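Analysis of the macromolecular model
Listed below, chain by chain, are the residues.
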Amino acid sequence: MDYKDYYKILGVERSADEKEIKKAFRKLAQQFHPDKNPGDKVAEAKFKELNEAYTVLSDADKRSKYDRFGLNGNNMSVAAVTPRISTGVAGRVRAAITAGAALHAT
């Protein structure tokens, strides 16, 4: 998944308060609303992106998670327990040991 900078999408600073975020969203939502741009797929996609950004940044809990963890903020429980294999020597050794253990277990 590509990283989406919700602050950039709405055109606000990271320090923006609720009022600034709401004002920016409303201005852009009017501009790209499907009713004002019938049949315009680009405007429709932009409107959906704006809604996604506003949904996250207007909710204090979601915004906090987004600020700390990015788009995967809601999936941290999975990410926290999923081991990451590094590309270094230790990562290759760990991967080889894991693969060897899996072969011997069957």
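Summarised in this report is the structure supplied together with it. The shown structure was predicted, so the numbers you read here are calculated from the model rather than taken from an experiment.

On to helix α4 (residues 60-69). For α4, the side-chain oxygen to backbone nitrogen distance between the N-cap and Asp 61 is 3.0 Å, and the N-cap itself is Asp 59. Gly 70 sits one or two residues past α4 and shows a positive phi near 75 degrees.

A few words on helix α2 (residues 18-32). With 15 residues, α2 ought to run about 21 Å at 1.5 Å a step, and its terminal C-alpha atoms sit 21 Å apart, in line with that. Along α2, the residues classified as buried are Ile 21, Ala 24, Phe 25, Leu 28 and Ala 29. Each buried residue of α2 lies within a common arc of 130 degrees when the element is viewed along its axis, so the set occupies one face. Exposed residues pointing more than 90 degrees away from the buried face of α2 are listed as Lys 19, Lys 23, Arg 26, Lys 27 and Gln 30. Packed against the buried residues of α2 are α1 (6-10), α3 (41-57) and α4. Looking at where α2 begins, the residue whose side-chain oxygen comes 3.2 Å from the main-chain nitrogen of Lys 19 is Asp 17.

This next bit is on the packing of aromatic side chains. Applying the stated criterion across every chain yields a total of three aromatic pairs. Measuring from ring centre to ring centre gives 4.8 Å for Tyr 6 and Tyr 66, while their planes differ by 25 degrees; the resulting arrangement is stacked. Residue Tyr 6 is located in helix α1, and its partner Tyr 66 is located in helix α4; the two are separated by 60 residues in the primary sequence. Exposure class is identical for Tyr 6 and Tyr 66. Each is buried. The interplanar angle of 45 degrees and the centroid separation of 6.0 Å between the aromatic rings of Tyr 7 and Tyr 66 together place this pair among those described as tilted. You can see Tyr 7 sitting in helix α1 and its partner Tyr 66 sitting in helix α4, a full 59 residues away along the chain. For the pair formed by Tyr 7 and Tyr 66, the shared burial category is buried. The rings of Tyr 6, Tyr 7 and Tyr 66 are connected pair by pair, giving a single aromatic cluster. The lysine or arginine in question, Lys 46, covers the ring of Phe 32, its NZ or CZ lying 5.9 Å from the ring centre.

Definitions and limits used
- Residues numbered from 1 in each chain as written.
- Predicted model: local features only at pLDDT ≥ 70, side-chain atom pairs only at ≥ 80, totals over all residues.
- Heavy atoms only, no water.
- Polar contact = N/O pair within 3.5 Å; in protein donor to acceptor, adjacent residues only side chain to side chain.
- Helix = DSSP H or I, 4+ residues; strand = E, 2+ residues; numbered from the N terminus.
- Expected span 1.5 Å × (residues − 1).
- Buried < 20%, exposed > 50% of the residue type's maximum accessible area, 1.4 Å probe, protein only.
- Arc of directions from axis to C-beta.
- Contact = heavy atoms within 4.5 Å.
- Phe/Tyr/Trp six-rings, centres within 6.5 Å; stacked < 30°, edge-to-face > 60°.
- Lys NZ or Arg CZ within 6 Å of the ring centre and 35° of its normal.

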